[in-house]
Amino acid sequence: MIQTIPQVKQIRYLEGAVSQFDDRATILLRMEAPEPRIVAAVSRLFPGLSVVCEEHTGVSGYLFSIDGRLESKALNKLHPDQQREGYLMELEGSSVTIAAAQAAGLFYGLQTLRQIIDNHDLIPAVEIVDWPDTSLRCMNFDLRQTFSKPEMLLAYIVEFAKFKVNGLLIEYEDKLPYERYKQVCHPEFAFSREQLEMIKETAKNNFIDIIPLQQSFGHLDYVLRHDEYKWLREKESSTGELCPSRPESFELVTGLLDEMIAMHPDSRYIHLGCDEVYSLCECETCNRTYAGARERTFIAFVNRVIDYAAGKGKIPIIWHDMLKKCAESDLQLLDKRAAVMIWIYNGRNIDADVSRLTATFRNAGFEVMGAPAVRCFDDQEHQNYPVVASRIDNVLQWSRTSGKLGIDCVVATNWSTSFSFGLPYGIFETTWYVMALFADVHWNREADTSRFIDKFLKLFHGVDPTTANSKLGNYLNEDYYLIIGSLLDDVKANKDVAELIAVMNAFEHSSDRMRTIHKYLYRWELFPGDEAEWRSLLSYYRRNTAGRTKVRPQMSAILRHFQPEAMADHFVLSRFYLHDYLEEHVYRKMGLTLEENFT
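Just so it is clear, the model here is predicted, and its values are computed rather than measured.

A look at the nonpolar core
Within soluble globular proteins, side chains that are nonpolar tend to cluster in buried spots.
Logical step 1: Ranked by size, the top nonpolar core spans 163 residues in total, and within it Phe 46 and Phe 64 carry the most contacts.
Logical step 2: Considering every element that reaches this core, the biggest residue donor is helix α12 (residues 432-443), with 10 residues.
Logical step 3: With 19 residues, the next largest nonpolar core counts Tyr 345, Met 369, Cys 376 and Cys 409 among its residues.

Here's what the structure looks like:
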């Protein structure tokens, strides 16, 4: 059986098997228009094979063949609804043929072919017809707190393409190389213009559209923290929220947008944020100007920003949460050129909640987009990898609901923190499992996910499910983060990701156990001076402090593989800070110490 991520739509098994291609095989390309991205993808996916591009005159569609015939009539097997990014593939004997109506379709057929060749020792002869259920399937880079080295971000964009992702929402925050607002750029981690251009070029070469996100109302902590701009806050304590009554607030937002839009000339959309603006109408001027009407205050300012972005030729997107409180009459005032992106990350009622909101926004004349989360707050700010049961459930519910409602743009939000001044949630690389699930079910909503973990272990890590089962017995989709560390000896691909999760798991085990030391401290309070109580406290402290001490250099080392050194140090400190504080100010003063011979 052939397995891929995403799972292909239609597959018909033919007689026989496909011979492996040797280095004498020739690749033929016939394209209706020159497409250097396809030529580059073919050369990258099949290094060493000769590539011949035939003439373009009179050609219909995009065709690829290894030792086979190029026949455009194969495109007739694709229904018109399947032709956007869809493809037909035939594997038989020693030949391969892929036909697509669009260049993107051929690109995705190539991704499927590469997965099949790389992960199947014996390839059966098959005919595959495949196309996406969701037009715009987006991943998310949240660069606010922690992120990977720039060269790894580029590699991950290529990896997204293997999963047939075609959009990338990027929240740069202070990592964008602003020119007019250089003072808000991060002094160490802001991208250079060259690095930004490489991100955009890599995305374009892999048929991925970037949606840049520029906060325009709330979540502007990274700007309003500076003395030069803090007077634009709605109130002093709301460090990230603009006062919409000040002309300078609009000037600031449009200035930031000017730079972001100029740096993303090819992006169709611009995301304006506009979520979680809690401090509306709390300054005297706003309260007087808008008579305390919070929703109309919000809409009045956002309309100006929408108009500005639309005037620059972009389709503005805003989050839905501030609009869900609006009366129908207020919602009618919102500029219809904006698309509304619904984000609901928790609960069992995604279908009911999203259906209701979608009807409300569509009835008011808005395009609706969707956003599940592959990582979010989940009431666990100290999480080191996603809260997997909640994330799987959220992704699957959203897939069913977006399909039923015809929501054609869905983003797998992947938050690194709740606010700029918050604690980093976890490391981007720990989310590949849930991201792959998102890619699977938003390309093919009928994909069988009952044993997705086995497919992911095989295709992402090279671990045969029979090996995993023989070692671990029964396990479920929700167990990935618990079991991958036990399979390290069997991991053949992306081993660094598996090692990272194993270290994070070891840290969680030791630190979670350390939190229960309060019960031993309490008993010592009850029985001060009791030798048995002291021994019990000391034994527990030493055993669990040893585990935490052991994992610290391991965490530091693995993070330096993925992140810039200072950023890795920031994450490690965020995880050990409270333990270090208690060690210095509580445990040592009580006389609790590790044994001198501890190593």
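Let's pick the thread back up.
Let's talk about the pattern of salt bridges
Logical step 1: For the structure on display, the rule yields 33 salt bridges.
Logical step 2: Two residues, Asp 227 and Lys 230, come together in a salt bridge whose shortest N-O distance is 3.4 Å.
Logical step 3: The residue Lys 404 makes a salt bridge to Asp 351 at a minimum N-O spacing of 2.8 Å. Within this pair, whereas Lys 404 is found in helix α11 (residues 388-405), its partner Asp 351 is found in helix α10 (residues 350-363), the two being separated by 53 residues in sequence.
Logical step 4: Owing to a relative accessible area of 54%, Lys 404 belongs among the exposed residues under this scheme.
Logical step 5: Linked through salt bridges whose partners overlap, the residues forming this network are Arg 84, Glu 85 and Arg 137.

What to know about the sheet that holds strand β5 (residues 87-92)
Note on sheets: strands pair through backbone hydrogen bonds, and any given pair is parallel or antiparallel.
Logical step 1: One open sheet holds the seven strands; their spatial order is β1-β7-β5-β6-β4-β2-β3, and the pairing between them is mixed. At either margin of the open sheet sits one strand with a lone partner, and together these are β1 (10-18) and β3 (50-53). Strand after strand, the sheet turns through a mean of 15° between neighbouring axes, direction not considered.
Logical step 2: As paired strands, strand β2 (residues 26-31) and strand β4 (residues 62-66) are joined by five bridges and run antiparallel to one another. Considered in β4, the bridge of Leu 29 is made with Phe 64.
Logical step 3: Packed on one face of the sheet, helix α1 (residues 36-45) meets β2, β3 and β4 and runs near 165° to β2.

Re the side chain of Asn 384
Logical step 1: With respect to the helices and strands, the residue Asn 384 is situated in the loop between β15 (373-375) and α11.
Logical step 2: Residue classification places Asn 384 among the buried positions, given a relative accessible area of 1%.
Logical step 3: At 3.1 Å, the side chain of Asn 384 forms a polar contact with the side chain of Glu 508.
Logical step 4: Of the polar contacts made by the side chain of Asn 384, one reaches the side chain of Arg 575; its length is 2.6 Å.
Logical step 5: Among all residues touching Asn 384, those that are not within four sequence positions of it are Tyr 425, Gly 426, Ile 427, Thr 430, Met 504, Phe 507, Glu 508, Phe 571 and Arg 575.

Rules and cut-offs
Residues numbered from 1 in each chain as written. Predicted model: local features only at pLDDT ≥ 70, side-chain atom pairs only at ≥ 80, totals over all residues. Heavy atoms only, no water. Core = buried A, V, L, I, M, F, W, Y, C linked by side-chain atoms within 4.5 Å. Buried < 20%, exposed > 50% of the residue type's maximum accessible area, 1.4 Å probe, protein only. Helix = DSSP H or I, 4+ residues; strand = E, 2+ residues; numbered from the N terminus. Salt bridge = Lys/Arg side-chain N within 4 Å of Asp/Glu carboxyl O. Pairing = 2+ DSSP bridges. Axes fitted to C-alpha atoms, helices over the stretch in contact; angles between N-to-C directions. Contact = heavy atoms within 4.5 Å. Polar contact = N/O pair within 3.5 Å; in protein donor to acceptor, adjacent residues only side chain to side chain.

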